There are 2 protein chains.
Amino acid sequence: MEIKVLHQIMEWNEDVSAEVRKVLKEKNICMINLMGSPGAGKTSLLTALSERLKADWRIGVIEGDIAGQIDAERIAALGLPAVQLNTDGACHIEAMSIQNILPLLPLEDLDVIFVENIGNLVCPAEFDIGEALRITLLSIPEGDDKVEKYPLMFTETGCLVLNKCDCLPYFDFDEARVAANYETVNPGAPLFKVSSRTGEGIDELAAFLSEKIRKVTAG
Amino acid sequence: MEIKVLHQIMEWNEDVSAEVRKVLKEKNICMINLMGSPGAGKTSLLTALSERLKADWRIGVIEGDIAGQIDAERIAALGLPAVQLNTDGACHIEAMSIQNILPLLPLEDLDVIFVENIGNLVCPAEFDIGEALRITLLSIPEGDDKVEKYPLMFTETGCLVLNKCDCLPYFDFDEARVAANYETVNPGAPLFKVSSRTGEGIDELAAFLSEKIRKVTAG
């Protein structure tokens, strides 16, 4: 019975995500779904990327959190339109929430919407929210066994970003292990090494995203 | 409809967790549910604690992971009875899984069972698995805003352990902020600062757990 219900919810989510995707296509907006563990550095990465991308693209942000508006305040401080979604306990964002939030953003004036998903390496990967691209963020302190332990998050993503790479000297983190496991579950998908703190690798990731945004917004 | 179904599953989980608790009481076993984000250091903490506790207590371990048996192998290497539970995608452990696993452990020869829950700061907090104590693990690199963002995990726990404290000099982590927020959502609950790597604080945490195990196993 549990499985059947899950299936119904999933089907409903897929219907709504298709509607979200249709709206975004009409408005020529590229929506990017940013996922990772609590504390992987999603908001800091968004901040660093926005600095690089805002000269070329008009950016809006949906901040997902179970409670509070800490992250939306950080983004609003950058001068970007931001909406805080509180899931009130739910462990992921569903397409219905995005559908309800989109009218709160100035869609006519946006090229790209970043959605910062709930900090969770499991559940968000199961829910298509209508995005054009998924980014999975893994930070060095989390350890090098995460692709093996949480495969779906790495299988379903458009790219993998290793964050907090300035910490590599201080942790036992085998980059080759992660790269090999990622290639196994998601062959050919790109991997970026970055540090939001030092700026390392942010330009390369921003260039990759710009190319994606260009393709999507060209219609 | 979604809420109703969740409620049914929760009620069912509560029935089973009561059965699990009854079995453990009959066997005078203290079950401890260890929760935290991916990469917070749950397995390393278990390893460090086991070294301290194994002289006084007979320890068994249930390792929860979505996939793989990396962690159970690490525990078995310590000479402790370990069972790997693979949830095959599910983001938390439910009481039914514990009920099915218990007969696989040598219950007559155990005083304490550690359950390492799925790496997830959200969903596991919602599910009573029949434990006598919950430990929530938060590692320094995850950041100091986690109590505000993921309140249930910190409200429902028997103690909070700040792990990787040897990293404090390298991260912007405000201990006072975490302590104050934790005191707000869980007044009077203990907080431990540890580093599994350096051993800092492990003795104090082990002493706290020994006292808890003593009370529970005394019946």
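Preceding this paragraph is the structure being described.
Residues numbered from 1 in each chain as written. Chains lettered and ligands numbered in written order. Predicted model: local features only at pLDDT ≥ 70, side-chain atom pairs only at ≥ 80, totals over all residues. Heavy atoms only, no water.

Describing the overall build of chain A
Of regular secondary structure, chain A possesses eight helices and seven strands. In terms of overall size, chain A behaves like a compact globule, its C-alpha atoms giving a radius of gyration of 17 Å where 219 residues would be expected to give roughly 17 Å. Taking the principal axes of its C-alpha atoms as reference, chain A extends roughly 50 × 45 × 35 Å. By residue count, 57% of the 219 residues in chain A fall in the buried class. Restricting to contacts in chain A with at least 6 residues of sequence separation, those with at least 24 account for 74%. For chain A, the exposed area adds up to about 8800 Å²; of that, 53% sits on carbon and sulfur atoms. Computing the positive centroid from 20 side-chain charges and the negative centroid from 35, chain A places the two 3 Å apart. (Helix = DSSP H or I, 4+ residues; strand = E, 2+ residues; numbered from the N terminus. Rg over C-alpha atoms; globule rule 2.2 N^0.38 Å. Buried < 20%, exposed > 50% of the residue type's maximum accessible area, 1.4 Å probe, protein only. Contact = heavy atoms within 4.5 Å. Areas by Shrake-Rupley, 256 points an atom, 1.4 Å probe, with all protein chains shown as cover. Lys, Arg positive; Asp, Glu negative; His and termini not counted. Charge placed at Lys NZ, Arg CZ, Asp CG, Glu CD.)

Let's talk about the nonpolar core
Ile98(A), Ile113(A), Phe154(A), Ile98(B), Ile113(B) and Phe154(B) are the most contacted members of the largest nonpolar core, which totals 86 residues. Once you skip the residues sitting within four places of it in the chain, Ile113(A) turns out to touch Leu24(A), Ile29(A), Cys30(A), Met31(A), Ile32(A), Gly60(A), Ile62(A), Leu102(A), Leu105(A) and Leu107(A). (Core = buried A, V, L, I, M, F, W, Y, C linked by side-chain atoms within 4.5 Å.)

Remarks on the pairing of strand E4 (residues 112–116) of chain B
Residues and elements named next belong to chain B. Counting buried residues along E4, five of its five residues qualify, which places the element largely inside the surrounding structure. Residues Val112, Phe114 and Glu116 of E4 are buried on one face, and the alternating residues Ile113 and Val115, pointing to the opposite face, are buried as well. In the sheet, strand E2 (residues 59–65) pairs with E4 via five bridges, with the strands oriented parallel. Within E4, the position partnered with Glu63 by the bridge is Glu116. (Pairing = 2+ DSSP bridges.)

A few points about the interface of chain A and chain B
Quite often, the size of an interface is put as the accessible area lost when its parts meet. Contacts between chain A and chain B engage 39 residues on the former and 39 residues on the latter. In total, about 2900 Å² of surface goes out of reach between chain A and chain B, with carbon and sulfur atoms giving 58% of it. Among the residues of chain A in contact with chain B, Pro38(A), Ile70(A) and Lys149(A) are the three that bury the most area, contributing 20% of the side total. For the interface between chain A and chain B, the tally reads four salt bridges. A salt bridge links Arg197(B) to Asp172(A), with the nearest nitrogen and oxygen atoms 3.1 Å apart. Summed over the shared surface of chain A and chain B, the number is 10 residue pairs in polar contact (both at pLDDT 80 or more). Looking at the side of chain A that touches chain B, the elements with two or more residues in it are helix H1 (2–26), helix H3 (70–76) and helix H5 (146–149) of chain A. Looking at the side of chain A that touches chain B, the element that brings in the most residues is H1(A), giving four residues. Across the side of chain A that touches chain B, the residue classes break down as 19 nonpolar, six polar and 14 charged. (Buried area = accessible area lost by both parts, 1.4 Å probe. Salt bridge = Lys/Arg side-chain N within 4 Å of Asp/Glu carboxyl O. Polar contact = N/O pair within 3.5 Å; in protein donor to acceptor, adjacent residues only side chain to side chain. Nonpolar A, V, L, I, M, F, W, Y, C, P; charged D, E, K, R; others polar.)

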